[in-house]
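Chain by chain, the residues run as shown.
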Amino acid sequence: MGLQHKDDSDDDLRRSKKQKCNIDMEYDDYSDDDDDESSPVGMVNDGFLMRLGEFFNPMIPTSIVVSDAMEPDFPIIYVNKVFESATGYRADEVLGRNCRFLQYRDPRAQRRHPLVDPVCVSEIRRCLNEGIDFQGELLNFRKDGTPMVNRLRLAPIHDDDGVVTLIIGIQVFTETKIDLNSVSYPVFKETCKNQSEQAVGKYSPNSGQMKYIECQEICGILQLSDEVMAQNILSRLTPRDVASIGSVCRRIRQLTKNEHVRKMVCQNAWGREVTGALEHMTNKLGWGRLARELTTLEAVCWKKLRVGGAVEPSRCNFSACAAGNRLVLFGGEGVNMQPMDDTFVLNLDAVKPEWRQVSVKSAPPGRWGHTLSCLNGSWLVVFGGCGKQGLLNDVFVLDLDAKQPTWIEVFGGGPPPPRSWHSSCTIEGSKLVVSGGCTDAGVLLNDTFLLDLTMEKPTWREIPTSRVPPSRLGHSLSVYGRTKILMYGGLANSVVTCG
Ligand SMILES: Cc1cc2nc3c(=O)[nH]c(=O)nc-3n(C[C@H](O)[C@H](O)[C@H](O)COP(=O)(O)O)c2cc1C
């Protein structure tokens with residue numbers, strides 16, 4: 001810690017202390033000139049008195065604090081008068097508290113002052129946890145906010161069984177002239193280590209002054225090690241958040257560039273299976289770029305794909321959807337408004353993708369203006385549309401991966417009114433949602449129905465909504481965030497009669 005002492009003797013020693021907390025200090029032999037008769041020093045053994053002697057300077061009034069090591073958080077059970085006058089706190093104000101309040105500039109402050117070296121504080125914590133001596137110096141504050149350097153020694157006192165029962169703290173406070181307003185604390189160790197090394201170089205033995213190096217970042221989180229920050233924080237963020245947190249500072253930016261962190265972020269966002277499948281693309285792009293392109297869709301562009309086979313006979317008003325990397329197409333309107341009932345698949349994973357008609361055991365009645373949605377990756381569900389006999393509200397399901405694919409009708413009690421040009425989607429992989437469309441009479445609909453196909457006896461249920469979107473046909477329904485449905489576009493005022 002680069003602090004400027006009024007007492008500037010033993011400069012070299014101090015300079016070395018800037019770099020580490022545990023320093024061996026040599027002082028004159030102990031001489032008990034403490035005016036406080038109730039000093040607890042008598043409570044402790046001779047070995048401790050000798051150890052204290054190493055720390056005392058008879059010329060400097062020494063403040064003493066005793067904390068109970070048997071109670072949680074080391075509450076103070078004793079302070080001597082020197083402590084009271086040096087810190088401005090009366091004994092009755094501090095008894096029962098942990099001594100860390102000296103690291104807060106204001107008695108009501110919630111956090112230690114940013115100039116209090118966290119490395120030193122964690123070293124104190126370590127020594128207390130391990131029941132060993134601590135010696136070092138750190139910035140403390142008087143009750144009135146005046147900064148002072150505290151050359152602190154903590155010594156554990158053991159009982160006969162070796163259990164630490166008390167901690168004796170000895171403080172030597174010296175005034176310090178640091179500009180608390182203009183200095184901000186360094187906070188992450190990597191940067192500060194370099195900077196404190198530079199600071200040592202700027203130490204002037206003549207003036208005894210340590211030039212304080214300014215670090216710009218003030219943020220508690222930056223005190224964490226790279227490893228903790230990357231593994232425990234950054235890797236849990238979403239790709240989008242990782243991208244934006246990189247603008248906080250150079251160090252975080254550097255950490256977010258780590259391919260391992262980026263891969264973990266992608267894995268958390270998309271799951272292992274997806275990231276596994278994308279792995280081969282990262283050789284060229286890297287995980288960061290890949291995540292960006294997938295999140296922002298910035299690289300998306302239409303590419304003409306030449307495929308083999310054909311959907312014959314040609315048609316319009318069919319319905320198609322993706323089942324994984326397969327594109328499935330069902331029905332449509334052939335020549336002379338002929339409703340079609342055939343199923344085609346285009347496997348985009350194939351080396352040479354081509355349209356193939358699926359040979360099904362039985363097919364739903366031919367139709368157009370219906371919807372086709374995918375369930376759980378390989379199941380297709382057809383709903384409604386316009387058939388030979390008029391509008392439909394039936395449901396058929398097909399397992400594309402079955403040995404002998406068969407369209408099976410699902411009877412869900414109380415189906416929605418028959419319709420065409422409606423829209424549908426599936427939520428949670430298994431619930432079919434149908435909305436809007438057009439009735440036989442050409443009336444546009446604004447209702448939303450749900451059919452849970454995981455139920456033994458699926459039953460249609462109308463989803464009540466507090467705000468109903470305008471009636472429409474030819475719109476789209478998409479699912480995002482697991483159960484949220486986005487309705488987009490369509491035709492709101494139909495002049496066309498359907499059916
Ligand atoms: C007996 C005793 C005396 C202490 N004296 C001081 C002190 O004068 N100044 C200070 O900043 N910390 C002092 N400490 C350290 C703090 O109380 C605390 O242990 C340290 O801040 C690390 O813990 P923390 O990270 O939970 O705050 C003392 C601790 C003990 C046990």
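Residues numbered from 1 in each chain as written. Predicted model: local features only at pLDDT ≥ 70, side-chain atom pairs only at ≥ 80, totals over all residues. Heavy atoms only, no water.

The name given to the chain in an unreviewed UniProt entry is LOV domain-containing protein, and the organism recorded there is Artemisia annua. Under the UniProt heading Pathway (unreviewed entry), the note attached to the chain is "Protein modification; protein ubiquitination." In the Sequence similarities (unreviewed entry) part of its UniProt record, the chain is described as follows: "Belongs to the ADAGIO family." (UniProt positions renumbered as here; feature names shortened; annotations may be inferred.)

A. The overall build of the chain, seen in detail. Helices and strands together make up the secondary structure of the chain, namely 10 helices and 19 strands. Relative to its 499 residues, the chain shows a buried fraction of 46%. Across the chain, contacts joining residues at least 24 apart in sequence account for 53% of those joining residues at least 6 apart. (Helix = DSSP H or I, 4+ residues; strand = E, 2+ residues; numbered from the N terminus. Buried < 20%, exposed > 50% of the residue type's maximum accessible area, 1.4 Å probe, protein only. Contact = heavy atoms within 4.5 Å.)

B. Structural view of the pattern of salt bridges. Evaluated as defined, the whole model comprises 21 salt bridges. In this structure, aspartate 226 and arginine 251 form a salt bridge, with 2.6 Å as the shortest nitrogen-oxygen distance. One end of the pair, aspartate 226, is in helix H7 (residues 226-233); the other, arginine 251, is in helix H9 (residues 250-256), with 25 residues separating them in the sequence. Residue aspartate 226 is classed as partly exposed on the basis of its relative accessible area, which comes to 25%. Among the ionic pairs, arginine 289 bridges to glutamate 293, the shortest N-O distance being 2.9 Å. With arginine 289 and glutamate 293 both in helix H10 (residues 259-296) and four residues apart, this pair spans about one turn of that helix. (Salt bridge = Lys/Arg side-chain N within 4 Å of Asp/Glu carboxyl O.)

C. Summary view of the environment of isoleucine 132. Relative to the helices and strands, isoleucine 132 resides in the loop between helix H5 (118-130) and strand E3 (134-141). The sequence separation of isoleucine 132 and isoleucine 167 amounts to 35 residues, and the corresponding C-alpha distance is 9.8 Å. Apart from residues no more than four positions distant in its own chain, isoleucine 132 is found in contact with Arg126, Cys127, Leu154 and Pro156.

D. Seen up close, the sheet that holds strand E15 (residues 431-438). Spatially, the four strands line up as an open sheet ordered E14-E15-E16-E17, and their pairing is antiparallel. If you trace the sheet from one side to the other, it starts and ends with strand E14 (423-427) and strand E17 (460-462), each paired once. The sheet shows a mean angle of 25° between the axes of neighbouring strands, direction not considered. Here five bridges tie E14 to E15, and the two strands are oriented antiparallel to one another. Bridge pairing in E15 links cysteine 425 to valine 433. (Pairing = 2+ DSSP bridges. Axes fitted to C-alpha atoms, helices over the stretch in contact; angles between N-to-C directions.)

E. Here's a closer look at the packing of aromatic side chains. In this structure the tally under the stated criterion is five aromatic pairs. Ring geometry for phenylalanine 449 and tryptophan 460: centres 6.4 Å apart, planes at 80°, overall edge-to-face. Of this pair, phenylalanine 449 sits in strand E16 (residues 444-452) while tryptophan 460 sits in strand E17; the two residues are 11 residues apart in sequence, bridging distant segments of the chain. The exposure class assigned to phenylalanine 449 is buried, which follows from its relative accessible area of 8%. Taken together, the ring pairs in this structure connect Phe383, Phe449 and Trp460 into an aromatic cluster. Arginine 97 extends its terminal NZ or CZ atom over the ring of phenylalanine 101, reaching a point 4.5 Å from the ring centre. (Phe/Tyr/Trp six-rings, centres within 6.5 Å; stacked < 30°, edge-to-face > 60°. Lys NZ or Arg CZ within 6 Å of the ring centre and 35° of its normal.)

F. The arrangement of the nonpolar core in detail. With 18 residues, the main nonpolar core has Ile124, Phe134, Leu138, Leu139 and Leu154 as its most contacted residues. Broken down by secondary-structure element, the contributors of at least two residues to this core are H5, E3, strand E4 (147-158) and strand E5 (164-175). With five residues, the top contributor of residues to this core is H5. By size, the runner-up hydrophobic cluster in this structure holds 14 residues, among which are Cys321, Phe330, Val345 and Leu400. (Core = buried A, V, L, I, M, F, W, Y, C linked by side-chain atoms within 4.5 Å.)

G. Just the site of the ligand, in detail. Neighbouring residues of the ligand: 21 residues in total, closest Asn98, Arg100, Arg112, Arg125 and Asn140. Contacts to the ligand include cysteine 99, whose backbone N or O atom sits 3.4 Å from an oxygen atom. One of the side-chain nitrogen or oxygen atoms of arginine 112 is found 2.6 Å away from an oxygen atom of the ligand. Sorting the residues of the shell around the ligand by element identifies strand E1 (63-68), H5, E3, E4 and E5 as the ones contributing at least two each. For the shell around the ligand, the element with the highest residue contribution is H5, accounting for four residues. For the shell around the ligand, the per-class residue count stands at 11 nonpolar, seven polar and three charged. (Near = heavy atom within 4 Å. Polar contact = N/O pair within 3.5 Å; in protein donor to acceptor, adjacent residues only side chain to side chain. Nonpolar A, V, L, I, M, F, W, Y, C, P; charged D, E, K, R; others polar.)

H. The environment of alanine 291, seen in detail. Here alanine 291 is to be found in helix H10. Classification of alanine 291 by relative accessible area gives buried; the value is 8%. With 21 residues separating them in the primary sequence, alanine 291 and tryptophan 270 have C-alpha atoms 10.0 Å apart. Discounting residues that sit within four places of it in the chain, alanine 291 has contacts with Pro239, Cys266 and Trp270.

I. Summary view of the sheet that holds strand E10 (residues 371-375). Here four strands make up an open sheet; going across it, the order is E10-E11-E12-E13 and the pairing antiparallel. The sheet is open, and its two edges are formed by E10 and strand E13 (407-410), each paired on a single side. Between one strand axis and the next, the sheet turns through 30° on average, direction left out of account. As paired elements, E10 and strand E11 (residues 379-387) share five bridges and run antiparallel to each other. Bridging across to E11, serine 373 finds its partner in valine 381.

J. Summary view of the side chain of histidine 422. Following the sequence through the fold, histidine 422 ends up in the loop between E13 and E14. One polar contact links histidine 422 to threonine 371, side chain to side chain, over a distance of 3.2 Å. Not counting residues up to four positions away in its chain, the partners in contact with histidine 422 are Gly369, His370, Thr371, Phe383, Gly384, Gly385, Val434, Ser435, Gly436, Gly437 and His475.

K. Geometry of the pairing of E10. Counting buried residues along E10, five of its five residues qualify, which places the element largely inside the surrounding structure. Hairpin connection between E10 and E11: a loop of three residues separates the two successive antiparallel strands, and asparagine 376 in this loop has a positive phi of roughly 45°.

L. Just the side chain of glutamine 103, in detail. Structurally, the position occupied by glutamine 103 is in the loop between helix H4 (91-94) and H5. Residue class for glutamine 103 comes out buried when judged on its relative accessible area of 8%. Among residues more than four places away in sequence, those in contact with glutamine 103 are Arg112, His113, Val116, Val121, Leu138, Leu139, Asn140 and Phe141.

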